[in-house]
Amino acid sequence: MRNLKIKEILEVTKGELLQGNLTYECKNFSKDTRTIQKGDTYIAIKGENFDGNQFWEQAIEKGAECVIVSEIKEKAEELQKYRNKNIIKVKDTLEALYEIAKKKRSFYQIPVIAVTGSVGKTSTKDMIANVVSQQYKTLKTIGNNNNNIGLPFTILKLQEEEAMVLEMGMNHAGEIRLLTNIAKPDICVITNIGTSHIGNLGSRENILKAKLEIIEGNEQATIIINNDNDMLHKWKKQNEGKRKVLTYGIEEKSMIEAKEIKLKEKGSEFICEGEEEKIKVKVPVGGIHFISNSLCAIAVGKTMKIQNEKIIKGIAEFELTKKRMDIKETKNGIKIINDAYNASLEAMEASLKYLSEFKKARKIAVLGDMLELGEYSQKLHEQVGKIVYDHKIDFLICSGEMAKDIGKQAKKEGMEPNNVYYFETKEEVIRKLKEIQKTGDVILFKASNKMKFFELAEEMMECNP
């Protein structure tokens, strides 16, 4: 364990110690006065809609021993009432956060795994962390703290951990470059290149470029890619021999492959082939995409020389983050799939494919808008409509301005018009579901998080006996 001394913070941030002790060690860091703990160091983050500089005194009153601010109105004599506390002033607290996190990272010579991709980052990150934690005490990104604030604060939590698994998200070019240069990962994972944020980036080629920024943090890092993804497969071929790349896949010939796949409603089994050996793997979550996630976790485990038994155990004990393929069954035998945390064309396709695997049940898809698609929005929503039809979904309920195109296209493809519905309000959606649902049905809720379709899933759980 290695804590940051105030002297070191001043060096990397070019800050000024208004008062305090140069040798004081900052152990835990916080940006939120609502959850701050005694002894924490408060960093007053300033954003577009909030200014943490307004709450530094509140942070001290709640137990903070050190505060890092960029603006302070009080004069030196007025600060005397906090003479036993440490107050640091910097030019920009966000830039200071990055530099402090870089310094903290430099203290630890431990394996760092970074995960990015258009779809499946969080579940893949969690599965990797489950495998790595079988051998190492592991720190991982909690929830969706994968941005320019969440990632450095995750690194600042490092204490006695022996490995770290970090998720890296982005909406625009350059954002992952910032994160990877803070984290300096030893293993870089790219799960896929899809259409998420294509409205911001303009094309899948630009999305690929933005995701590949992850490899800039460490020239010696091992790169692990999903070889089934067309863009990554092409990139691998074009860059053969330039970097150390490990591939995994189900369809394409890869270094780590899944064979003899057995898909079930609540899980799956497969034989993993690679390096002249075969491993039997059980995945506790249904859906072909979780086999892909498992292969990725195996690739990381192999790179870190973790024993097969531990890799298998880590995958078998994997649990999904809430709102991501969260499956519950009501007392009257209806299965509710709450997969409403995010949505893109690829994520929609994966969820609908999983829904289609419930062969003996009536399948109901409740779909909403996919956001941040820009000029591609109509085309991609129409593609979802085609996927609904292709997967023989029995009922389609759409809600959201752009989701109209899903229903229209499903009917164009040949889906029974009387089984396709569009509603503007959540109340109408719930009313129709109550009207058509029967024992044994499986109902999928899928939309971008801002649509709050997870509320629909929760309400359907509550209103069923």
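Here is a short report on the structure shown in this document. (Residues numbered from 1 in each chain as written. Predicted model: local features only at pLDDT ≥ 70, side-chain atom pairs only at ≥ 80, totals over all residues. Heavy atoms only, no water.)

Regarding the pattern of salt bridges
Taken as a whole, this structure holds 27 salt bridges when the rule is applied. Ionic pairing is found between K404 and E401, a salt bridge with its closest N-O pair at 3.6 Å. According to the relative accessible area criterion, K404 is partly exposed, its value standing at 29%. In this structure, K432 and E435 form a salt bridge, with 2.9 Å as the shortest nitrogen-oxygen distance. Placement of the pair is K432 and E435 together in helix α15 (residues 426-436), with a separation of 3 residues, close to one helical turn. Overall, the relative accessible area of 13% leaves K432 in the buried class. (Salt bridge = Lys/Arg side-chain N within 4 Å of Asp/Glu carboxyl O. Buried < 20%, exposed > 50% of the residue type's maximum accessible area, 1.4 Å probe, protein only. Helix = DSSP H or I, 4+ residues; strand = E, 2+ residues; numbered from the N terminus.)

Observations concerning the nonpolar core
Formed by 118 residues in total, the largest nonpolar core has its most connected members in I113, I128, L352, L367 and L396. Looking at which element gives the most residues to this core, the answer is helix α10 (residues 288-303), with 8 residues. With residues up to four places along the chain from it excluded, the contact list for L396 reads A365, L367, V388, I406, G407, A410, M415, N419, V420 and Y421. Listed in part, the 22 residues of the second largest apolar core include F445, F453, L456 and M460. (Core = buried A, V, L, I, M, F, W, Y, C linked by side-chain atoms within 4.5 Å. Contact = heavy atoms within 4.5 Å.)

A few points about the pairing of strand β20 (residues 395-398)
Going residue by residue along β20, you find F395 and I397 tucked away on one face and L396 and C398 tucked away on the opposite face as well. Where strand β19 (residues 363-367) lies against β20, 4 bridges are found, and the strand directions are parallel. Bridging from a neighbouring strand, V366 pairs with I397 of β20. You can see the chain leave β19, run along helix α13 (residues 377-390) and come back into β20, and the turn it takes is right-handed. The pairing of β20 with strand β21 (residues 420-422) spans 3 bridges and is parallel. (Pairing = 2+ DSSP bridges. Right-handed = clockwise from strand over helix to strand, strands pointing away.)

Distances and angles like these do not, on their own, reveal function.
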